[in-house]
There are 2 protein chains.
Amino acid sequence: MGVTETLARFILNTPTEAIPAPILHEGKRCIINYMAVALYASADPSMGILTGVFEEEGGSASATLIGAGTRTNLQNAALANGYLAHLEDYDDTHFPTVIHPSAPTIPAAFAIAEREGATGLDVLAATVLGVEACCRVGLSVYPNHYDAGWHITGTCGVFGAAAAAGRLLGLDEQQMTYALGIAGTQAAGVREVFGSMTKAFHAGRSAQSGVLAGLLAQRGFTSTREILEGRRGFAAVLSTASDMGQISDGLGERWEVPNNGLKPYSCGVVSHPLVDAMIAMREDDGVLADDVASVSARVHPLVLELMDRPNPRVGLEGKFSHQHSMAVGLIDGGAYPAQYTDERVLDPAVSAFRDKIRATVDASVAEDACEVTVTLHDGREVTKSIAHATGAPENPLSDARLESKFRTLAHRVLSESQTDELLSTLWSLDTVDDVSAVMALTQG
Amino acid sequence: MGVTETLARFILNTPTEAIPAPILHEGKRCIINYMAVALYASADPSMGILTGVFEEEGGSASATLIGAGTRTNLQNAALANGYLAHLEDYDDTHFPTVIHPSAPTIPAAFAIAEREGATGLDVLAATVLGVEACCRVGLSVYPNHYDAGWHITGTCGVFGAAAAAGRLLGLDEQQMTYALGIAGTQAAGVREVFGSMTKAFHAGRSAQSGVLAGLLAQRGFTSTREILEGRRGFAAVLSTASDMGQISDGLGERWEVPNNGLKPYSCGVVSHPLVDAMIAMREDDGVLADDVASVSARVHPLVLELMDRPNPRVGLEGKFSHQHSMAVGLIDGGAYPAQYTDERVLDPAVSAFRDKIRATVDASVAEDACEVTVTLHDGREVTKSIAHATGAPENPLSDARLESKFRTLAHRVLSESQTDELLSTLWSLDTVDDVSAVMALTQG
């Protein structure tokens, strides 16, 4: 039996009871985190573009748009909710692959769950299995696939979405294998679009691709049985090297979702250790921006590859500026959506501080680590070494900090009591009878 | 100005009057050919899968599904009509790149044209410009992109669809550039799915991607300005080598649509010279299947790469079997949809003849050429050399043969008078006031 068929069977045949309780808990945390960021993003003006298209194109009221107070069809909901989930760059990161797996997976899961009247436990299991599928596919082609310039969230995301959708649709093994095929051949998304709305679009489009794949396969649409391992399949065509064992070895024994860290800050994940360092300087050492003459940092190569923007002009660019993220970390004591408005990015004091920062690549520095030294005007130096950034697998965002993140973000569109009700419902998601009730609570 | 912006300007700013009359005529032929194959395919049972999803998902009645007698929204129409256009493998081929450009481009053009109430001449121009964009992008990355295993129709097709859609939407230059970005980052489709419904799905999905890109860009959705040439853009990520000059050089002076050959046979294009040869043996030399001891052929490498299936089990496999296509060419005197039913593929006499065929690769043989020698039981040999297959740019399908193809295929779903009316309307497409009237004539 091939790798794709093996994965399909794992997705379908793993009893929910066989998923370890800590793994389900991680899945629940992913969902809470997803809801938080999507709720916040739902107030973004760009959502009007998507809903404008939905209104013109029409669609049955089958699934819920988070925060909007409206329903639309399954594919539209997956597209929009996936877009929202990734829009703030504040979702989650599977550290071994840099995939942000919840944004393409969970919207697909909830859309189909609403269609099926699935329970909260069903959605929880589908989310965990979808994230597992997505991340394992990513592991099978990492780093070559990533290094080639693919947006690995957009490409591998289709498998997470299809897995979750197929599980909840109750596909049989052939249908699930074909669904992975129909989804996998839609794997797409290049990093050239970073800095524009199209980046978040990738996550939504992948969620939608997975939903469509499930709906087609359920009705008998055929595809290849070997989308992953085939000679002209996903791994062969989209990567220069692959290891199929990463997909099939230890399924059900080794789980990837604990390696999926929830983001503490709303900016590129590779800068999070740097933000941690600057906040620590502010809080532990009382360093003030005006006291600082210069800042030097030893960083992982991805910091300069992905986040070297010394002069961002808009908030979106700031999210991918390590210089800006470090500046607000020190000046504001955080790197949250308020730090990534256009106004904050153009602030003269923040801008001046960015100019003081010099980062140098050190290949021995891990992706979730860094060392930062500030030199003060009086000659003193303060150094912070971060071994594992907040949110990294070895230093996960605590449940308490996750709640705090949820309350802050949800508050943009929900009242305090609405926020409380949704949060407590999500913490007991495994007891919910029909997730449509949960989605109804996301309406601002 | 970058290549993507140059292409965007060309698409938008080329006056219809500046397109040479012979080029517009080629565009018209593409549309007639597209309508023919889509009408025929509209009776395929698999269409019920797509329409089943459309019914569940809903959608405004904005554009016409060919042959179905129903309307749906723009994206659904693009998806379904693109699927139909490619389903029979009987559409067209841009010989230099092996792209089948009409299937992803024309459905997008007509969907937006119905939305805009565009004239027939508008659609004609948009089709020509879309095919141009699609084929030039293909040229810029051929052969590396193709050789890597991509379904080049699915990948490059998004650019044809976005170009046609953007032109008809009346996008401005920034919007068109962004539309190419939103579409281009959705470039997808691997050849592993060949032999299944998903292959034709690629063409439809690309048409839909282009329509969605245009609708989003028109409403202000942002993307990259450099999807084609960017460091992490389409060419860099989806190909190991590229030549951007193929896109920008000679725009408006050199046209690709004459290199887009309409298919005489409903099977993989690389076998068409072989089918020509077998038909010629039957018609010129009176060769009968029972007289034949063995068949040898010298073929272009793609014949064995794409069409080596000595034992097809279903019609779909037969379309990608050079052995089957040669067998029916001799036995039936043609290679049309009737030759690719499951029954014909399993016919014992046809099957026995397939077993007599041996093709060997000869790298000196051009893609549209071949040499076939049959050895008869009485020892005689008959050889046919084909320099340019019917339908190749140097030997195009005549207007008369195109009409014959149209009538035969349309007859599956239209009456003779409906066929006549549609055909004559299409021949005078450039005088049609509103293409919605044309689409109404496609209803069986």
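Trainee: An account of the interface of chain B and chain A is needed here, citing residue identities and associated values.
Mentor: Facing the 56 residues of chain B at the interface are 56 residues of chain A. Of the roughly 4,900 Å² buried between chain B and chain A on both sides combined, carbon and sulfur atoms contribute 55%. It is Glu57, Glu192 and Arg232 of chain B that lose the most area in chain B upon contact with chain A, and together they represent 16% of the buried surface on that side. For the pair chain B and chain A, the interface holds six salt bridges. As a salt-bridge pair, Glu56 of chain A and Arg115 of chain B come within 2.6 Å of each other at their nearest N and O atoms. Between chain B and chain A we count 40 residue pairs in polar contact (both at pLDDT 80 or more) in total.

Trainee: Report on the relation of the copies chain B and chain A, specifying residues and quantitative values.
Mentor: Superposing chain B onto chain A requires a rotation of 180° together with a translation of 0.0 Å along the rotation axis, leaving an RMSD of 0.0 Å. The operation mapping one copy onto its partner corresponds to a two-fold rotation axis. Among all residues of chain B, the minimum C-alpha distance to the rotation axis is found for Gly59 of chain B, at 2.2 Å. In this assembly, 100% of the residues forming the interface of chain B have copies in chain A that are likewise at the interface, indicating an isologous arrangement.

Trainee: For the side chain of Asn73 of chain A, give the residues involved together with the corresponding values.
Mentor: Mapped onto the fold, Asn73 of chain A is located in the loop between strand 2 (71-72) and helix 4 (74-87). Judged by relative accessible area, Asn73 of chain A falls into the buried class, the value being 5%. Discounting chain neighbours no more than four positions away, the residues touching Asn73 of chain A are Gly58, Gly59, Ser60, Ser62 and Ala63 of chain A together with Glu57 and Gly58 of chain B.

Trainee: Tell me about the packing of helix 8 (residues 152-169) of chain A against helix 9 (residues 173-184) of chain A, and name the residues and values.
Mentor: Residues and elements named next belong to chain A. Remark: helix 8 packs on helix 9, axes separated minimally by 9 Å, with the N-to-C direction vectors making an angle of 150°. As judged from the angle between their axes, helix 8 and helix 9 are roughly antiparallel. For the element pair helix 8 and helix 9, the recorded crossing hand is right-handed. Between helix 8, through Val158, Phe159, Ala162, Ala163, Gly166 and Arg167, and helix 9, the contact on the second element is made entirely by Met176, Ala179, Leu180, Ala183 and Gly184.

Trainee: Explain the sheet that holds strand 7 (residues 370-376) of chain A to me, using residue names and the numbers behind them.
Mentor: Residues and elements named next belong to chain A. If you walk across this open sheet you meet the four strands as 6-5-7-8, and the pairing is mixed. Each edge of the sheet is formed by a strand with only one pairing partner; in this case those strands are strand 6 (357-361) and strand 8 (381-386). Strand-to-strand twist of the sheet, defined as the mean angle between neighbouring strand axes without regard to direction, takes the value 15°. Sitting on the sheet, helix 13 (residues 272-285) is in contact with strand 5 (292-299), strand 7 and strand 8, with an inclination near 135° to strand 8. The sheet strands contacting helix 16 (residues 322-331) are strand 5, strand 6 and strand 7, and the helix crosses strand 6 at an angle near 125°.

Trainee: Just give me the short version of the pattern of salt bridges, but keep the residues and values in it.
Mentor: As enumerated under the stated definition, the model contains 48 salt bridges over all chains in all. Measuring nitrogen to oxygen at the nearest pair gives 2.8 Å for the salt bridge that ties Glu56 of chain A to Arg219 of chain B. Taken together, the residues Glu56 of chain A in helix 3 (residues 47-57) and Arg219 of chain B in the loop between helix 10 (198-218) and helix 11 (234-238) connect one chain to another. Given a relative accessible area of 22%, Glu56 of chain A falls into the partly exposed group. Salt-bridge contacts for Glu173 of chain B lead to Arg9 of chain B; the nearest nitrogen and oxygen are separated by 2.9 Å. Highlighted residues: Glu173 of chain B in helix 9 (residues 173-184) and Arg9 of chain B in helix 1 (residues 3-13), separated in sequence by 164 residues. For Glu173 of chain B, a relative accessible area of 30% puts it in the partly exposed group. Salt bridges here are not isolated pairs; linked through shared partners, they connect Glu56 of chain A together with Arg115, Glu116 and Arg219 of chain B.

Trainee: Give me helix 8 of chain A: which residues, what numbers.
Mentor: Residue and element names in this part refer to chain A. The terminal C-alpha atoms of helix 8 lie 25 Å apart, and with 18 residues this matches the ideal 26 Å at 1.5 Å per residue to within 8%. Remark: the principal bend of helix 8, roughly 30°, maps to Val158. Across the 18 residues of helix 8, 18 count as buried, placing the element largely inside the fold. One or two steps after helix 8, the chain reaches Gly170, where phi turns positive at roughly 70°.

Trainee: Now, about the pairing of strand 8 of chain A: what can you tell me, with residues and values included?
Mentor: All names here are of chain A. Along strand 8, the buried face is formed by Val382, Lys384 and Ile386; none of Glu381, Thr383 and Ser385, which line the opposite face, is buried. Sheet topology note: the strand 7/strand 8 ladder contains six bridges and is antiparallel. Bridge assignment links Val374 to a residue of strand 8, and that residue is Val382.

Trainee: So, the sheet that holds strand 6 (residues 357-361) of chain B: which residues are in play, and what are the values?
Mentor: Residue and element names in this part refer to chain B. Here four strands make up an open sheet; going across it, the order is 6-5-7-8 and the pairing mixed. Only two strands of the sheet have a single neighbouring strand rather than two, namely strand 6 and strand 8 (381-386). Recorded for the sheet is a direction-independent mean angle of 15° between the axes of neighbouring strands. Here strand 5 (residues 292-299) pairs with strand 6 via five bridges, running parallel. Within strand 6, the residue paired with Val295 across the bridge is Ile357. Against the sheet, helix 13 (residues 272-285) makes contact with strand 5, strand 7 (370-376) and strand 8, and its axis sits at roughly 135° relative to strand 8, the strand it touches most. Set on the sheet, helix 16 (residues 322-331) makes contact with strand 5, strand 6 and strand 7; between it and strand 6 the angle comes to about 125°.

Trainee: Go over the pairing of strand 7 of chain B, please, and point to the residues and values.
Mentor: The two faces of the sheet receive side chains in turn, since in a regular strand these alternate between them. Counting buried positions along strand 7 of chain B gives five out of seven residues, so the element sits mostly inside the fold. If you look at the hairpin formed by strand 7 of chain B and strand 8 of chain B, you'll find four residues sitting between the two strands, and Gly379 of chain B has a positive phi there, around 95°.

Trainee: Outline the side chain of Thr155 of chain A, supporting the account with residue identities and numerical values.
Mentor: All names here are of chain A. Structurally, Thr155 is set in helix 8. What makes Thr155 buried here is its relative accessible area of 0%. Of the polar contacts made by the side chain of Thr155, one reaches the side chain of His145; its length is 2.8 Å. Of the polar contacts made by the side chain of Thr155, one reaches the backbone oxygen of Ile152; its length is 3.3 Å. Not counting chain neighbours up to four residues away, the residues in contact with Thr155 comprise His145, Trp150, Ala187, Ala188, Gly189, Phe234 and Leu238.

Trainee: Hey, could you go over the confidence of the model for chain A for me, with residue numbers and the actual values?
Mentor: Averaged over every residue, the pLDDT of chain A is 97; the share at 70 or more is 100%. Predicted complex, confidence summary: ipTM 0.95, pTM 0.96.

Trainee: Give a description of the packing of aromatic side chains that names residues and reports values.
Mentor: Residues and elements named next belong to chain B. One pass over the structure, following the stated rule, counts 15 aromatic pairs over all chains. For the pair Tyr142 and Tyr146, a centre-to-centre distance of 6.1 Å together with 50° between the ring planes defines the contact as tilted. Take Tyr146: its relative accessible area is 5%, and that puts it in the buried class. Between Tyr265 and Tyr336 the ring centres are 6.0 Å apart and the planes differ by 45°, which places this aromatic pair in the tilted class.

What counts as what
Residues numbered from 1 in each chain as written. Chains lettered and ligands numbered in written order. Predicted model: local features only at pLDDT ≥ 70, side-chain atom pairs only at ≥ 80, totals over all residues. Heavy atoms only, no water. Contact = heavy atoms within 4.5 Å. Buried area = accessible area lost by both parts, 1.4 Å probe. Salt bridge = Lys/Arg side-chain N within 4 Å of Asp/Glu carboxyl O. Polar contact = N/O pair within 3.5 Å; in protein donor to acceptor, adjacent residues only side chain to side chain. Least-squares fit on C-alpha atoms with pLDDT ≥ 70 in both. Helix = DSSP H or I, 4+ residues; strand = E, 2+ residues; numbered from the N terminus. Buried < 20%, exposed > 50% of the residue type's maximum accessible area, 1.4 Å probe, protein only. Axes fitted to C-alpha atoms, helices over the stretch in contact; angles between N-to-C directions. Parallel < 35°, antiparallel > 145°, perpendicular 65-115°, else oblique. Left-handed = near helix turned anticlockwise from the far one by under 90°. Pairing = 2+ DSSP bridges. Expected span 1.5 Å × (residues − 1). Bend = angle between axes of the 7 residues up to and from the residue. pLDDT = per-residue confidence, 0-100. Phe/Tyr/Trp six-rings, centres within 6.5 Å; stacked < 30°, edge-to-face > 60°.

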